[in-house]
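Spelled out from the first residue to the last, the chains are:
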Amino acid sequence: MLDFKAMDMLTPEEWTAVYLSLKVAFWATFWSLPFAVLMAWVLARVRFPGKGLLDGLVYLPLVLPKVVVGYLLLLTLGARGFIGQYLDAWFGIKLIFTTAGATVAAAVVSFPLTVNAIRLALEAVDRGLETAARTLGASRLDVFFSVTLPLMLPGILSGALLAIASALGEFGATITFVSNVEGQTRTIPLAIYSATHMPDGDAMALRLTVVSILLALGALLLANLVDRRIRTLIGRV
Amino acid sequence: MLDFKAMDMLTPEEWTAVYLSLKVAFWATFWSLPFAVLMAWVLARVRFPGKGLLDGLVYLPLVLPKVVVGYLLLLTLGARGFIGQYLDAWFGIKLIFTTAGATVAAAVVSFPLTVNAIRLALEAVDRGLETAARTLGASRLDVFFSVTLPLMLPGILSGALLAIASALGEFGATITFVSNVEGQTRTIPLAIYSATHMPDGDAMALRLTVVSILLALGALLLANLVDRRIRTLIGRV
Amino acid sequence: RAQETTPTVFAAASLTNAFQDIGKLYKEKTAKDVTFSFAASSALAKQLEAGAPAAIFASADNKWMDYAEDKDLTLKATRVTPIGNSLVLIMPADKAKDVTIDKSFDWLAFLGADGKIATGITDSVPIGIYAKTALTNLGQWDKVRERIVGAESVRAALALVERGEATAGIVYSTDAAVAKNVKVVATFPADSHPPVEYPFEIVKGQDNPATKAFFDFLVGPDAKAIYAKYGFVVK
Amino acid sequence: MIEIDIRLARPGGFALESAFTAPGAGVTALFGRSGAGKTTIIQAVAGVVRPDAGRIAVGGEVFFDAARGIDLPIEARRTGYVFQDARLFPHLLVESNLRYGERRSRAAERPIRFEAVVELLGIGHLLKRRPHTLSGGERQRVAIGRALLAQPRLLLMDEPLAALDEARKAEILPYLERLRDEMGLPILYVSHSIDEVLRLSDMVVALRDGRQVAAGPVAEVMSQPEILPVVGRFDVGTLLECVVSRHDADYALSSLAFAGGELRVPQVDLPVGARVRARVRARDVAIALARPQDVSVSNLLAATVEEVRLQEGPYADVALAVGPGRLASMVTRESVERLGLRPGMPVWAMIKTVAVDSRSPDFGGPATP
Amino acid sequence: MIEIDIRLARPGGFALESAFTAPGAGVTALFGRSGAGKTTIIQAVAGVVRPDAGRIAVGGEVFFDAARGIDLPIEARRTGYVFQDARLFPHLLVESNLRYGERRSRAAERPIRFEAVVELLGIGHLLKRRPHTLSGGERQRVAIGRALLAQPRLLLMDEPLAALDEARKAEILPYLERLRDEMGLPILYVSHSIDEVLRLSDMVVALRDGRQVAAGPVAEVMSQPEILPVVGRFDVGTLLECVVSRHDADYALSSLAFAGGELRVPQVDLPVGARVRARVRARDVAIALARPQDVSVSNLLAATVEEVRLQEGPYADVALAVGPGRLASMVTRESVERLGLRPGMPVWAMIKTVAVDSRSPDFGGPATP
Ligand SMILES: Nc1ncnc2c1ncn2[C@@H]1O[C@H](COP(=O)(O)OP(=O)(O)OP(=O)(O)O)[C@@H](O)[C@H]1O
Ligand SMILES: Nc1ncnc2c1ncn2[C@@H]1O[C@H](COP(=O)(O)OP(=O)(O)OP(=O)(O)O)[C@@H](O)[C@H]1O
Ligand SMILES: [Mg+2]
Ligand SMILES: [Mg+2]
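Everything numeric in this text was worked out from a predicted model, so none of it was measured.

**A look at the coordination of the magnesium ion (ligand 4)**
Residue and element names in this part refer to chain E.
In step 1: Here the magnesium ion (ligand 4) is held by the protein donor atoms T39 (OG1) and Q84 (OE1), which lie 1.9 to 2.4 Å from it. One end of the pair, T39, is in helix α1 (residues 38–46); the other, Q84, is in the loop between β7 (79–82) and α3 (94–103), with 45 residues separating them in the sequence.
In step 2: Here Q84 falls in the partly exposed class, since its relative accessible area comes to 25%.

Right under this line is the structure:
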């Protein structure tokens, strides 16, 4: 019902943008999550020289203007970038002007948020439980997967939600890194940006904004449901 | 020593931007933190109808393109905005073109991040300790300040760090809401933006980017020091 | 009170250099300050609409100035268009080959298998809109449409070409003039697109002497010399 | 006066139903096997858990009344709750933990002094430490101190001494007795140690799977055979109400007069005439047919066999009438046969002096029931 | 064989120094007041805490050797650690908690069976519950089960039974004895209950403020007067090495032969000829000058007074020679005078049958020292 109305309310290009945004948000979250968990674990549990620097590096995409982040991505991962050229030459991966590139931009920008949330959750895990698991014969890795990870699930979920939300809203890095290519990189924020730069674009901007909000609320609702389930499962109610 | 070099390396306008960025980041964090703590507490501990909506509302600035956030701020808090006009008429508070406005923009954009971090920390606080405090005669409010708040300090610190970092990097909402006025609203990201529109601006953009990174590392370093102290104090080492 | 305050000038981001130089010169000559805010013309127009107390609006195209006029934000009578620009095709310097743009120019052959043209977003960023109009008028839009990548500003488009990420770019001549590592390989026929113009107007309610003084300075000979220096077409 | 009458169901099938009235200035022991519902009752009194129905009142003040919609907030109840897990505040020094409740009590009403508690619990050297550096027993001691210093009007103690060594227990128990007696502080006490319970309690509430099996004065409840499965096999015995009749300073002995005669026991610190309760374990009471001569056993009481109950295993319970009173004895079935014990038979009960515990029910205060 | 020789300092001034060697298939009790360092030793053996110096080896395998730089990871030590706090995994059902260690043990080596443990601990009805819904004792029982099911080669138990009721303790203790005896599982055991320690342990290590005050076989250590301040005043007694000589099924009694004669005790579940250890509390031993007639007390042993030591208070310790053996008795000073007890005097020792505890040191395995 609502769908029908929405169908009518958006133009095909707008639908493309919505679809693209969801795709980018999903894959960005999907790919960055494991790395975020790993990074959070390293930052919270391992001591090594230069850790402060790594810590800073993780926060970098947050602290820099997103346009700068996009520019840095261009410099490194562009077709001529010092990593990008090998990606293309060796694996045939092209990021610039593609949905894959938009996904990378979204993932990079949301990474600090995800890591932060997961790290907070990780630090709240009672290390006594991890010790107990080890006395029961579980190796460090085993402990991580059987005890630590389940107990930090609420944090991971929260991190994922932040990732999805910020991916849905990501604009600066995306437009700078992969530009605005319809059907490839033109996500909702890019579409909204375009709309706000057209003297008669207010209606379109408003429609897409509403769609953004609905998507965010949907993600949140889903996250809350999952969260409640997780908390019941891990006994933190 | 480093300062001297840096002094020489930045132009007066750049110094103004740096100073402004720090000022905005500081005040945005300072003002939003108490509200973030309150909001986190409400979301984590109170049950009421419409909570899901409030939850969604908090995440909104994250999920919307920052330009849209800025535009919405303009519509509500601008000189003709439906709140802004009264702010001016009744309290003489002008936000547009002012550092205060830039601060508001930064605070709004960082709010979801701060709330999320604080909430995660809050949820990790052992409620058994809160109960114990109440059996010892502490009222709910007293318990909050004497037990809950100290125990969630690492989360608050982490939230503050996110707030500062994202305020330092905030661009879209600021330029849309309060424009790009030197000495008032031209923070580092806006200065970088301006620099990229000048034919010879690359060097300036690079310098400011480096300053951004140094500021972020500095904030992080400070946060880590404070964090270690807090953790020692609250016995979570 | 309004007389004593320094006027705030809303200027399109592409005017950043020129206006800053003019501002300095003005200060030298009159010992009076002006404040600038450089952003996208659209953002500035919206801010005016929201009541921003700017004194002068310098747009990068006629559309947003018309928008401001329609909303009764600026003083129509004060409109001047002292400078303009032309549209050029650029390529990375090391791959540049001069071409001529006309209706028979084979864009696909020029671009190769998966070559891209960088310009502004074609439905919002002014340079993109001009580019789209020009290509449409040349009867090429449908062929190259998929090859167009829309950047958030001329500068961003320029960067894509400078870095060799895009095969070619459509930018203003002023931008091409100052860019490194790119070469202008063709200029678009003047009749393929509406003239690129920068209209200036005084904002409604701000036509005080301070504002007027600087507005006049903006269109005066000192300013025109500076415009020329940055490659604008001075009218 | 503590009035409790509550019903409460937990998800998973556990249902609690308990109703009892305990004296306002004594110790009430909650007894029962693991999972019986002891902690749940304590939590209900503290206000940590809300019963489904019923009423809880302490000293006339209604803490909870489902019918009248009363539910006093936790902090207004001022129950000094010693949790089964210590629950120290990790962010505060031991000293601040101890002071936490004290600071929140009325300055004019602080009969329990910081220095006294710290000394009693032997935690003076820990004051500047953080809870996570404490050993299990140290933690528990700080938790006890914290609850005491909150100047509660009711103490809720959930196995407070379980983690402590005997020596420390032996120091803390008399202090709790003094609190009970001198300050008239009512105490709800959970413990699995029958010795502790018998020593400290005036009243026992026995629980089994959430049902209240028995409630009443210690002597009464503990002599009911029904509660054996609740408390497990323990040292059954007799509580004798006595009066201090004489002290023998040379030998550090006291004589206690009771209805059936006199007992010599290790010296009690009470004036002559004071009321005192002596506990005689059944297994410490031997039976002789004639008055034994020249034995170290100094309590030889003329008695009459009232009842002989053969138990499973080697045991037999023999109830002896000593004057108007009763004394339980546990011997072997073999001895019953060998001596030919039958109801009505005159015998001698032998009780070693060193086997008798005694404690005062009314030291410095009015007698409790 | 458990070899321990460690030094360890904690911030705050606590320093531990302990060295002992315990048999490979017995129970070693760690004894000491709160904060003495018991948990610290156990943590060092588990690998949770790293000693500053020293060596730890169990069954020939070196867990830790500072000199040789060996520090086996926790999980490789396979110590079934029952923590002072239960530490159940909150995200797993009780059943999965129990299975956690089991799943990680070698399938071929699972002598400890799930069903048996669940039944023993009475946690069958809790299997589908989550830890946060358990009572304190239930939690502790699950923790014990979890440690046992990890099929450890060494059990580390830090006050495992403190939160449990007597009835449950009475069920679990024999099981631990069986593990020790049948499976040769060495156990390091912390408890403040002397009864538990005396019953279960072969060896005692007594600690005081981190220093090792005594270490050795139970009987030896417990008779040293130096350890009294460490363990507190407890029921001093004598451990007699006996052999089961006869069973009397009718009366459910057994006779135990020892160097000085024979004791009748409640039936022991051991074949005739099995070695067994009987504990006789000093306060349960009365003294008569002549053989008492017609008393319920069935153990009357001819003895000679060896030594009389007057103690403070009303007490006196009397050492009796019974044949080649010794028996401690506690009477009053008054009795000593009244009976005129002096060294060399022939007397009779009276011990009630129901007062004797017995347990087997070697059931189903080789004799332990
Ligand atoms: N992390 C730590 N930092 C500093 N001191 C500590 C730490 N952990 C333990 N201690 C101290 O070391 C001593 C020994 O602690 P341990 O836990 O071994 O005692 P315990 O014998 O097990 O006592 P209990 O019977 O009370 O559990 C105590 O005085 C304790 O305060
Ligand atoms: N939150 C809960 N949800 C479901 N069942 C619970 C919950 N809390 C306690 N129970 C159950 O209620 C019963 C009573 O628990 P309670 O803690 O009162 O026992 P207890 O008598 O204190 O036992 P213990 O001596 O083991 O501490 C137990 O069977 C327990 O499993
Ligand atoms: Mg309990
Ligand atoms: Mg301990």
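**A closer look at the site of ligand 2**
In step 1: Among the 19 residues in the neighbourhood of ligand 2, the closest are listed as D:T39, D:T40, E:R129, E:S135 and E:G137.
In step 2: At ligand 2, the nearby residues belong to more than one chain, namely chains D and E.
In step 3: Between an oxygen atom of ligand 2 and a main-chain N or O atom of D:A36, the distance comes to 3.2 Å.
In step 4: Separating an oxygen atom of ligand 2 from a backbone N or O atom of E:G137 is a distance of 2.6 Å.
In step 5: With the chains in place, 92% of the 640 Å² that ligand 2 exposes on its own is no longer accessible.
In step 6: Only α1 (38–46) of chain D together with α5 (136–149) of chain E provide two or more residues apiece to the shell around ligand 2.

**Notes on the interface of chain B and chain A**
In step 1: The interface of chain B with chain A comprises 39 residues on the first partner and 39 residues on the second.
In step 2: When the two sides are added together, the surface that chain B and chain A hide from each other amounts to roughly 3400 Å², 74% of it contributed by carbon and sulfur.
In step 3: For the interface between chain B and chain A, the tally reads zero salt bridges.
In step 4: Put simply, chain B and chain A have six residue pairs in polar contact (both at pLDDT 80 or more) between them.
In step 5: Mapped onto the side of chain B that touches chain A, the elements with two or more residues apiece are α3 (51–63), α4 (66–77), α6 (99–124), α9 (153–169), α11 (188–196) and α12 (202–233) of chain B.
In step 6: Element by element, the count of residues in the side of chain B that touches chain A is highest for α9(B), at nine residues.

**Focus on the UniProt feature "transmembrane region" (unreviewed entry) in chain A**
Residue and element names in this part refer to chain A.
In step 1: The UniProt record marks residues 24–44, 56–83, 95–122, 143–168 and 204–226 with the feature "transmembrane region" (unreviewed entry), using the residue numbering of this structure.
In step 2: In residues 95–122, helix accounts for 86% and strand for 0%; the two terminal C-alpha atoms are 33 Å from one another.
In step 3: For residues 204–226, helix accounts for 100% and strand for 0%, while the C-alpha atoms at its two ends are 33 Å apart.

**Quick notes on the packing of α3(B) against α6(B)**
Residues and elements named next belong to chain B.
In step 1: In the contact formed by α3 and α6, the axes pass within 6 Å of each other and the chain directions differ by 125 degrees. Taken together, α3 and α6 sit at an angle that is classed as oblique. Crossing angle aside, the handedness with which α3 passes α6 is left-handed. Judged by residue contacts, D55, V58, Y59, P61 and L62 of α3 engage V108, V109, F111, P112, L113, V115, N116 and R119 from α6.
In step 2: For the contact of α3 with α6, a count of residues per class yields 10 nonpolar, one polar and two charged.

**Description of α6(B)**
In step 1: In this model α6(B) runs 36 Å from its N-terminal to its C-terminal C-alpha over 26 residues, within 8% of the 38 Å that 1.5 Å per residue would give.
In step 2: The buried count for α6(B) comes to 21 of 26 residues, which makes it a mostly enclosed element.

**Topic: the relation of the copies chain D and chain E**
In step 1: You can overlay chain D on chain E at an RMSD of 0.3 Å; the transform is a turn of 180 degrees with a shift of 0.1 Å along its axis. What we have between these two chains is a two-fold relation. Residues of chain D ranked by C-alpha distance from the rotation axis are headed by D:A162, positioned 2.8 Å from it.

**Here we look at the UniProt feature "domain: ABC transmembrane type-1" (unreviewed entry) in chain A**
In step 1: Feature annotation in UniProt assigns "domain: ABC transmembrane type-1" (unreviewed entry) to the following positions: residues 18–221 of chain A.
In step 2: Helix makes up 78% of residues 18–221 of chain A and strand 0%, whereas the separation of the span's terminal C-alpha atoms amounts to 18 Å.

Criteria and thresholds
- Residues numbered from 1 in each chain as written.
- Chains lettered and ligands numbered in written order.
- Predicted model: local features only at pLDDT ≥ 70, side-chain atom pairs only at ≥ 80, totals over all residues.
- Heavy atoms only, no water.
- Donors = N, O, S within 2.8 Å, 3.2 Å for Na, K, Ca; no water.
- Helix = DSSP H or I, 4+ residues; strand = E, 2+ residues; numbered from the N terminus.
- Buried < 20%, exposed > 50% of the residue type's maximum accessible area, 1.4 Å probe, protein only.
- Near = heavy atom within 4 Å.
- Polar contact = N/O pair within 3.5 Å; in protein donor to acceptor, adjacent residues only side chain to side chain.
- Areas by Shrake-Rupley, 256 points an atom, 1.4 Å probe, with all protein chains shown as cover.
- Contact = heavy atoms within 4.5 Å.
- Buried area = accessible area lost by both parts, 1.4 Å probe.
- Salt bridge = Lys/Arg side-chain N within 4 Å of Asp/Glu carboxyl O.
- UniProt positions renumbered as here; feature names shortened; annotations may be inferred.
- Axes fitted to C-alpha atoms, helices over the stretch in contact; angles between N-to-C directions.
- Parallel < 35°, antiparallel > 145°, perpendicular 65-115°, else oblique.
- Left-handed = near helix turned anticlockwise from the far one by under 90°.
- Nonpolar A, V, L, I, M, F, W, Y, C, P; charged D, E, K, R; others polar.
- Expected span 1.5 Å × (residues − 1).
- Least-squares fit on C-alpha atoms with pLDDT ≥ 70 in both.

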